[in-house]
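Descriptive analysis of the structure
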Amino acid sequence: MELIFEISKPGRNAADVTASDVPAVNIEDAIGKKYLRKELDLPEVAEVDLVRHYTNLSRRNFGVDLGFYPLGSCTMKYNPKVNENIAVLPGFTGLHPYADDESAQGNLQLMYEMQKYLSNIFGMAEFTLQPAAGAHGELTGIMMIKKYFEKKNEKRPLILIPDTAHGTNPASGALCGFETVTLRSNSEGGVDIDHLMSLMTKDVAGLMLTNPNTLGLFERNIEKVAQIVHGKGGLLYGDGANANAFLGKARPGDLGFDVIQLNLHKTFSTPHGGGGPGSGPVGVCAKLVNYLPVPRIIKTGHSYSWSGKFPDTIGRIRSFYGNFNVVVKAYTYIRALGAEGLTHATEMAVLNANYIKEKLKPYFDLPYDRVCMHECVFSGKRQVAQNGVHTTDIAKRLIDFGYHPPTIYFPLIVPEAIMIEPTETESKETLDTFCDAMIAIANEAKENPQRVKDAPLTTPVSRLDEVLAARKPDVCWKRS
Amino acid sequence: MSKPNPTDRLYSRDHEWVKDNGDGTAIIGITDHAQEMLTDIVFVELPEIGKKVAKSDPVAVVESVKSVSDVYAPVGGEIIDVNKKLEESPELINQDAFGEGWIVKMRLADAGELKTLLSAADYEQLVKEEKH
Amino acid sequence: MDYYPHTPDDIAQMQSVVGIASIDELFADIPQKFRLKSVLDIPAALSEQETIAAMSGIASKNKLQQLTLTGAGAYYHFIPAVVGHIVGRAEFYTAYTPYQAEISQGILQAIYEYQTMIAHLTGTEIANASMYDGASAMAEAAVLCAKMSNRTKIIVARSVHPEYRQVVNTYSWANGYTVVEIPYAPSGQIDLNALQNELDDQVAAVLVQSPNFFGVIEDIVPLTDAAHNKGALLVAGFTDGTSLGILQPAGASGADFVVGEGQSFGNPLNYGGPYLGIFAAREKFMRRIPGRLVGATVDKNGKRGFVLTLQTREQHIRREKATSNICSNEALCALAAGVYLAALGKNLRKLAELNIYKTQYLKNKLLQLKGWKEVFSAPVYNEFVLRCPDARPVNEKLKNKGIIGGYELHKDYPELENALLFCATEMISKDDMDKVVAILK
């Protein structure tokens with residue numbers, strides 16, 4: 001497909017500019033010649049060509065609305081359309097962030113109630129909605145841990161992170177000046193308690209734990225883990241990316257987590273948008289509330305207002321209030337589902353994952369054969385040994401069957417990992433047909449491996465040369 | 001199958017090789033086995049000439065599409081030359097890890113450190129053990 | 001309302017395949033003492049119809065202004081109809097990050113085109129696929145400069161948006177950097193002498209904004225020279241991207257990084273978010289910059305295609321050695337920006353000119369009011385600062401007529417008592433502006 005620049009023609013344009021109803025001004029006089037740009041090289045296309053260009057691009061993309069998207073750790077559940085309708089109400093899209101509080105009571109109420117609902121669902125004392133994504137939330141949470149120890153005058157330069165952790169965990173720790181120490185997993189995929197006991201000292205600020213972990217397994221020893229960390233005065237950080245596994249069943253706050261971040265674009269159904277925008281609210285226990293980012297909403301009687309009067313805050317981590325419009329969608333989702341709906345969502349998500357696990361385990365190596373939570377992790381080791389078919393080949397071949405591949409090569413402790421998270425919004429038929437496809441590919445890997453290695457065979461482009469893209473990066477089109 | 005490990009040089013446990021020039025300088029690279037594990041190398045971050053490194057300090061970074069690896073100095077010394085060809089053609093390491101794909105040349109701080117390294121045969125043994 | 005398709009029959013069949021008699025068994029790993037015994041304390045479920053009623057009720061508690069004279073980091077611009085239709089396509093908005101390139105060529109190509117337009121607009125060679133917002137983009141640029149140089153001092157101009165400075169402070173504190181603020185001169189531009197006095201060989205980056213928070217256009221070249229002379233890097237920010245339609249971009253004046261807010265490009269005000277962090281840089285920083293990057297390449301048949309490239313910079317590979325932890329970004333907002341820029345094309349210049357005409361008109365009319373004076377002498381784009389005899393009644397009077405007045409500067413700049421920051425975009429009509437002046441007479 002041609003680039004928008006390649007279909008441009010001088011003199012064309014799609015969007016017009018209203019004629020001025022005020023006198024024109026000599027721009028050079030008003031601004032000064034030296035501050036004016038010399039050329040403006042943007043596409044010049046008519047509206048029909050613009051629309052065709054992007055519409056055709058969209059048809060080369062795959063979204064949840066098109067098909068099954070079993071990406072482990074991403075919770076690609078269906079994005080309800082009512083959320084989209086609500087989010088474009090002028091009342092929600094039209095306010096300037098500096099509108100006075102009196103004019104924004106609807107927005108403030110929504111955010112305040114969202115914080116309360118999340119606090120209840122997750123067993124935390126208070127939430128902030130300012131972080132714009134999960135990783136941003138992690139950074140915020142780690143910053144609050146840092147501030148907590150600063151206020152106590154305790155030097156704790158280390159942070160513990162399991163070997164199964166998502167890459168954002170150690171990256172967030174390092175961005176706050178912490179040195180990360182890797183914590184081993186045991187043979188069941190949980191925390192190695194002995195290793196934790198040996199690592200947990202007064203130099204350690206805390207442990208960043210994902211529960212259930214990135215293997216989809218609930219940390220059975222969570223009580224002991226919390227005890228060990230708290231016993232040496234440390235804090236327990238919870239990566240809530242996998243919250244879809246326990247809504248209405250358990251609460252991180254009850255399990256001993258002091259601070260958690262959530263991903264509204266995962267658990268709470270807001271669309272992924274091709275990579276964003278998301279939203280990463282952070283919840284804290286009572287002793288960390290004072291460190292929350294500002295401004296915070298206060299309720300006086302029946303009215304709400306913003307306040308920055310929190311002297312121990314870590315400060316701001318984003319301009320304005322966070323990804324408000326994303327919060328609107330998540331709030332709508334919580335109101336629509338209610339307590340029972342959220343709990344059912346978790347139940348069906350976990351049932352779906354276990355169903356897939358049982359159906360596929362005769363065909364793919366299952367490193368941890370126990371009840372999983374909302375996702376299951378297989379290894380493509382058997383297929384590699386048979387005929388050198390790797391997980392990446394299996395993933396690409398799934399594309400030919402009409403599916404988005406699962407998460408691959410993560411977590412790092414499982415070789416040739418295949419992480420499948422169906423979510424609750426998939427029917428038994430979808431799961432059955434998906435399993436049939438996976439089984440067919442397992443057979444192909446045995447009988448006709450080259451076909452799998454050549455995949456995908458049915459897409460607009462075949463496998464792309466990532467090596468060339470990294471050796472000779474071309475990230476900006478240049479007119480030749 | 002990796003290329004055979006030349007016997008005219010010594011090896012570290014981190015898959016680097018050191019070729020002693022006999023005049024107080026040495027050339028350092030990574031083994032063919034290492035480049036196989038990394039797969040297609042897309043970028044090499046070379047150190048500044050004049051930089052002083054101790055044994056086991058990271059001295060260069062080698063990137064493939066899906067991974068980043070530090071190259072550690074098997075012995076200590078001062079960097080006196082780097083293989084500038086790797087800037088344009090990082091794939092030289094994949095094609096000829098023991099020859100055209102050399103990474104840095106250094107003036108040795110302490111030739112005695114060479115004694116701590118492995119012979120080609122010992123390195124081959126190490127690789128065999130790692131495979132199991 | 002709920003979205004899971006399972007019938008009781010499905011559930012029974014699936015339970016038997018899994019080998020359980022009840023759903024409860026699936027949660028056996030959760031210690032009994034932690035299992036919730038009661039239902040979550042949130043409102044009961046609603047039907048879709050009830051949901052719409054409840055949400056509309058909340059939305060209607062907001063009072064939408066007829067008119068706003070405040071910019072200050074978020075701008076009311078016209079969004080062409082095409083933008084909403086494109087970003088509303090489910091193939092785009094329900095898609096995930098394009099890690100599987102073969103089925104994501106749509107968003108990958110669209111972002112490649114966006115990166116190209118942004119690089120050109122900012123006068124740089126590379127732009128990433130987006131950051132969270134202008135403030136965090138600036139903070140991440142500062143952190144990157146510090147990590148690359150191993151220096152720990154950051155200089156920030158006081159004329160940078162107060163919230164941007166707050167975010168820079170937070171990120172700098174977290175990493176142990178020192179932040180020093182430099183003042184503005186009477187012209188409204190940065191005090192170059194003050195900058196030169198603060199610059200030493202410990203400074204990693206100098207952070208400036210143009211047009212700055214006061215709407216004043218900075219002279220970037222001397223700032224860049226001063227920074228580079230001491231081995232520091234220059235980070236130039238902006239808050240209204242439409243300014244790039246007419247103004248010389250900081251990249252062309254030697255800035256190392258150009259960061260800013262892309263909300264003006266086709267994204268609604270949305271009460272502050274989601275917005276769009278723009279991050280552009282000189283080519284030599286390509287392998288260090290944060291955020292995702294889309295690169296062009298070919299498939300095995302030589303056909304052009306696009307992939308996320310240089311992922312080794314990112315958290316999922318470099319982990320604790322990454323210079324940023326960013327994962328999800330503002331992709332859909334970047335798509336909106338790309339469509340907006342492609343739709344306007346060279347008309348972006350006309351749009352910027354229109355903003356200037358409106359701004360000059362509003363400024364001159366307000367200056368006719370008794371006792372109102374200009375505060376800064378340097379040229380402005382679409383925002384300006386005026387001092388009036390008493391600021392509070394000004395905004396009160398306007399508020400009573402459903403108009404958001406100017407931003408009160410004394411909150412962030414105590415020395416600017418009774419000074420208001422006004423913004424005029426293409427969305428404000430001559431009649432509106434005359435009405436404002438009439439109310440304030």
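Everything quoted here is computed from the prediction, not taken from an experiment. (Residues numbered from 1 in each chain as written. Chains lettered and ligands numbered in written order. Predicted model: local features only at pLDDT ≥ 70, side-chain atom pairs only at ≥ 80, totals over all residues.)

**With respect to the sheet that holds strand β4 (residues 41–45) of chain B**
Residues and elements named next belong to chain B.
- Strands sit in the order β4-β6-β7 across an open sheet of three strands; the sheet is antiparallel. Both edges of this open sheet fall to β4 and β7 (68–72), since each of them pairs with a single strand only. Each adjacent strand pair in this sheet contributes to an overall mean axis angle of 25°, direction not counted.
- The pairing of strand β6 (residues 58–64) with β7 spans five bridges and is classified as antiparallel. Its bridge partner lying in β7, E63 is registered against V68. (Pairing = 2+ DSSP bridges. Helix = DSSP H or I, 4+ residues; strand = E, 2+ residues; numbered from the N terminus. Axes fitted to C-alpha atoms, helices over the stretch in contact; angles between N-to-C directions.)

**Side note on the interface of chain C and chain B**
- Tallying the contact residues gives four residues for chain C and five residues for chain B.
- Here the side of chain C that touches chain B is built from residues that sort into one nonpolar, one polar and two charged. (Contact = placed C-beta atoms within 7 Å. Nonpolar A, V, L, I, M, F, W, Y, C, P; charged D, E, K, R; others polar.)

**A short note on the sheet that holds strand β7 (residues 282–284) of chain A**
All names here are of chain A.
- Strand order across the open sheet formed by seven strands is β1-β7-β6-β5-β4-β2-β3, with mixed pairing between neighbours. In this open sheet, the two strands that pair with only one neighbour each are β1 (126–128) and β3 (179–183). For this sheet, the mean angle separating the axes of adjacent strands, direction not counted, is 25°.
- In the sheet, strand β5 (residues 235–239) pairs with strand β6 (residues 259–261) via three bridges, with the strands oriented parallel. Its bridge partner lying in β6, G238 is registered against I260.
- Those strands touched by helix α7 (residues 168–175) are β2 (158–162), β3, β4 (204–210) and β5, and its axis lies near 175° from that of β2.

**Brief notes about the domain arrangement of chain C**
Residues and elements named next belong to chain C.
- Domain assignment breaks chain C into domain 1 (67–77 + 346–440) and domain 2 (81–344).
- Here the C-alpha centre of domain 2 lies 27 Å away from the C-alpha centre of domain 1.
- Facing the 25 residues of domain 1 at the interface are 25 residues of domain 2.
- Of all the secondary structure elements, the ones that give two or more residues to the side of domain 1 that touches domain 2 are α12 (347–367) and β12 (383–387).
- With seven residues, the single largest contributor to the side of domain 1 that touches domain 2 is α12.
- Within the side of domain 1 that touches domain 2, the residues separate by chemical class into 14 nonpolar, seven polar and four charged. (Domains from an automatic or database assignment.)

**So, the nonpolar core**
- The biggest cluster of nonpolar side chains holds 335 residues, and the ones touching the most others in it are M138, A142, A205, V206, L207 and V235 of chain C.
- Ranked by the residues each element gives to this core, the list is headed by helix α11 (residues 324–360) of chain A, at 20 residues.
- With residues near it in sequence (within four places) discarded, A142 of chain C still touches I154, V168, Y171, S172, A205, L207 and V235 of chain C. (Core = buried A, V, L, I, M, F, W, Y, C linked by C-beta atoms within 7 Å. Buried ≥ 20, exposed ≤ 12 C-beta atoms within 10 Å, placed from the backbone.)

**Focus on the pairing of strand β15 (residues 419–423) of chain C**
Residues and elements named next belong to chain C.
- With five of five residues buried, β15 lies mostly within the body of the structure.
- Neither face of β15 is left uncovered, since the one carrying A419, L421 and C423 and the one carrying L420 and F422 both have all their residues buried.
- The pairing of β12 with β15 spans five bridges and is antiparallel. From the neighbouring strand, E383 faces β15, where its bridge partner is C423.
- Where strand β14 (residues 407–408) and β15 come together, two bridges link them in antiparallel fashion. The residue of β15 that forms the bridge with E408 is L420.

**Considerations on the environment of V203 of chain C**
- By the element assignment, V203 of chain C lies in strand β5 (residues 203–209).
- Apart from residues lying up to four places away in sequence, V203 of chain C is in contact with R151, K153, I155, K230 and A232 of chain C.

**Here we look at the interface of chain A and chain C**
- Each partner contributes residues to the interface: chain A has 169 residues there, and chain C has 168 residues.
- With 23 residues, the top contributor of residues to the side of chain A that touches chain C is α11 of chain A.
- Classifying every residue of the side of chain A that touches chain C by side-chain character gives 90 nonpolar, 49 polar and 30 charged.

**Describing the packing of α12 of chain C against helix α14 (residues 430–440) of chain C**
Residue and element names in this part refer to chain C.
- Put simply, α12 and α14 touch, their axes get as near as 10 Å, and they point 20° apart. Taken together, the axes of α12 and α14 are roughly parallel relative to one another. Here α12 runs over α14; the crossing is right-handed. Taking contact as the criterion, the partners of Y361, L362, K365 and L366 in α12 are, on α14, K430, M433 and V437.
- Considering only residue class, the contact of α12 with α14 consists of five nonpolar, no polar and two charged. (Parallel < 35°, antiparallel > 145°, perpendicular 65-115°, else oblique. Left-handed = near helix turned anticlockwise from the far one by under 90°.)

**Considerations on the pairing of strand β8 (residues 77–82) of chain B**
Residues and elements named next belong to chain B.
- Bridge analysis of strand β5 (residues 52–53) against β8 gives two bridges, and the strand direction is antiparallel. Across the sheet, V53 pairs through a bridge with G77, a residue of β8.
- Alignment of β8 against strand β9 (residues 104–108), held across five bridges, turns out to be antiparallel. Directly across from D81, in β9, lies its bridge partner K105.

**Considerations on the environment of A101 of chain C**
- Tracing the sequence through the fold places A101 of chain C in the loop between α4 (90–93) and α5 (105–122).
- On the neighbour-count criterion, A101 of chain C (22 C-beta atoms within 10 Å) is buried.
- Taking C-alpha positions, A101 of chain C is 35 Å from G73 of chain C, a pair spaced 28 residues apart along the chain.
- A101 of chain C has contacts with L464 of chain A together with L108, G305, F306 and V307 of chain C, leaving out every residue within four places of it along the chain.

**A word on the domain arrangement of chain A**
- Assigned domains of chain A: these are domain 1 (1–60), domain 2 (82–336) and domain 3 (345–466).
- Inter-centroid distance (C-alpha atoms) of domain 1 of chain A to domain 3 of chain A is 45 Å.

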